[in-house]
Amino acid sequence: VQLQASGGGLVQAGGSLRVSCAASGRTVSTYTMAWFRQAPGKRREFVAVLRGGSGSVSYYTDSVKGRFTISRDRAKNVVYLQMNSLKPEDTAVYYCAARPVFNVQYRDESVYDLWGQGTEVTVSS
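Description of the structure in this document. What you see is a predicted model, and the numbers here were worked out from it, not measured in a lab. (Residues numbered from 1 in each chain as written. Predicted model: local features only at pLDDT ≥ 70, side-chain atom pairs only at ≥ 80, totals over all residues. Heavy atoms only, no water.)

Quick notes on the packing of aromatic side chains
Part 1: In this structure the tally under the stated criterion is eight aromatic pairs.
Part 2: Aromatic pair Phe36 and Phe46: ring centres 5.8 Å apart, planes at 75°, arrangement edge-to-face. Separated by ten residues along the polypeptide, Phe36 in strand E4 (residues 32-38) and Phe46 in strand E5 (residues 45-50) bring together distant segments of the chain. In this pair, the class of Phe36 matches that of Phe46, namely buried.
Part 3: Seen from their ring centres, Tyr112 and Trp115 are 6.2 Å apart, and the 75° between their planes marks the pair as edge-to-face.
Part 4: Note on Tyr112: relative accessible area 6%, which makes it buried.
Part 5: Counting every residue linked through ring pairs, the aromatic cluster contains Phe36, Phe46, Tyr59, Phe102, Tyr106, Tyr112 and Trp115.
Part 6: Stacked on the ring of Tyr80, the Lys or Arg Arg18 has its end atom at 4.0 Å from the ring centre.
Part 7: Lying over the aromatic face of Tyr95, Arg44 brings its terminal NZ or CZ to 4.7 Å of the ring centre. (Phe/Tyr/Trp six-rings, centres within 6.5 Å; stacked < 30°, edge-to-face > 60°. Helix = DSSP H or I, 4+ residues; strand = E, 2+ residues; numbered from the N terminus. Buried < 20%, exposed > 50% of the residue type's maximum accessible area, 1.4 Å probe, protein only. Lys NZ or Arg CZ within 6 Å of the ring centre and 35° of its normal.)

Side note on the pattern of salt bridges
Part 1: A complete count under the given rule lists five salt bridges for this structure.
Part 2: As a salt-bridge pair, Glu109 and Arg44 come within 2.8 Å of each other at their nearest N and O atoms. Residue Glu109 is located in the loop between strand E9 (92-99) and strand E10 (114-115), and its partner Arg44 is located in the loop between E4 and E5; the two are separated by 65 residues in the primary sequence.
Part 3: The class of Glu109 is partly exposed, set by a relative accessible area of 27%. (Salt bridge = Lys/Arg side-chain N within 4 Å of Asp/Glu carboxyl O.)

Focus: unusual backbone geometry
Part 1: Although it is not a glycine, Asn77 adopts a positive phi angle of roughly 60°.
Part 2: Summarising the element assignment, Asn77 is placed in the loop between strand E7 (68-73) and strand E8 (78-83).
Part 3: Given the relative accessible area of 13%, Asn77 is considered buried.
Part 4: With a phi angle near 50°, Ser85 is a residue other than glycine that sits in the positive phi range.
Part 5: Relative to the assigned elements, Ser85 resides in the loop between E8 and E9.

Let's talk about the sheet that holds strand E1 (residues 2-6)
Pairing between the strands of a sheet is mediated by backbone hydrogen bonds and can be parallel or antiparallel.
Part 1: Spatial ordering of the open sheet is given by E1-E3-E8-E7, a layout of four strands whose pairing is antiparallel. The two strands at the open ends of the sheet, each matched to only one other strand, are E1 and E7. Sheet twist, expressed as the mean angle between neighbouring strand axes with direction ignored, is 15°.
Part 2: Across five bridges, the pairing between E1 and strand E3 (residues 17-24) is antiparallel. Across the sheet, the residue bridging to Ser6 is Ser20, located in E3. (Pairing = 2+ DSSP bridges. Axes fitted to C-alpha atoms, helices over the stretch in contact; angles between N-to-C directions.)

Some details on the side chain of Thr91
Part 1: Topologically, Thr91 is positioned in the loop between E8 and E9.
Part 2: There is a polar contact of 2.9 Å between the side chain of Thr91 and the backbone oxygen of Pro88.
Part 3: A distance of 2.9 Å separates a polar side-chain atom of Thr91 from the backbone nitrogen of Val123. (Polar contact = N/O pair within 3.5 Å; in protein donor to acceptor, adjacent residues only side chain to side chain.)

So this is what it looks like as structure tokens:
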């Protein structure tokens with residue numbers, strides 16, 4: 001399975017952006033899918049995770065709750081991160097990640113088997 005992230009760009013504070021993570025090689029509809037981000041000079045951090053299966057159970061880091069939404073399109077084999085009310089502190093390279101089975105340590109990047117290449121999001125003040 002390969003992951004390809006896209007959709008990053010430059011947006012003003014308060015604006016919205018949707019980044020995508022397209023999977024190829026096999027379906028990831030049952031996979032746990034996550035987004036991480038890495039701001040300049042900082043460590044990569046967890047943003048959001050979506051559990052596999054028929055439900056849409058998701059978890060978010062506190063700083064993005066109520067502003068970001070993770071979702072998937074099973075038919076297209078794509079996972080999205082809709083980002084609203086963006087702030088300058090959301091500026092980072094956003095990475096998608098995946099693993100076949102949900103892990104309670106979902107905030108830990110080391111539990112993920114697959115990674116996309118990252119897409120850059122810049123929020124201007």
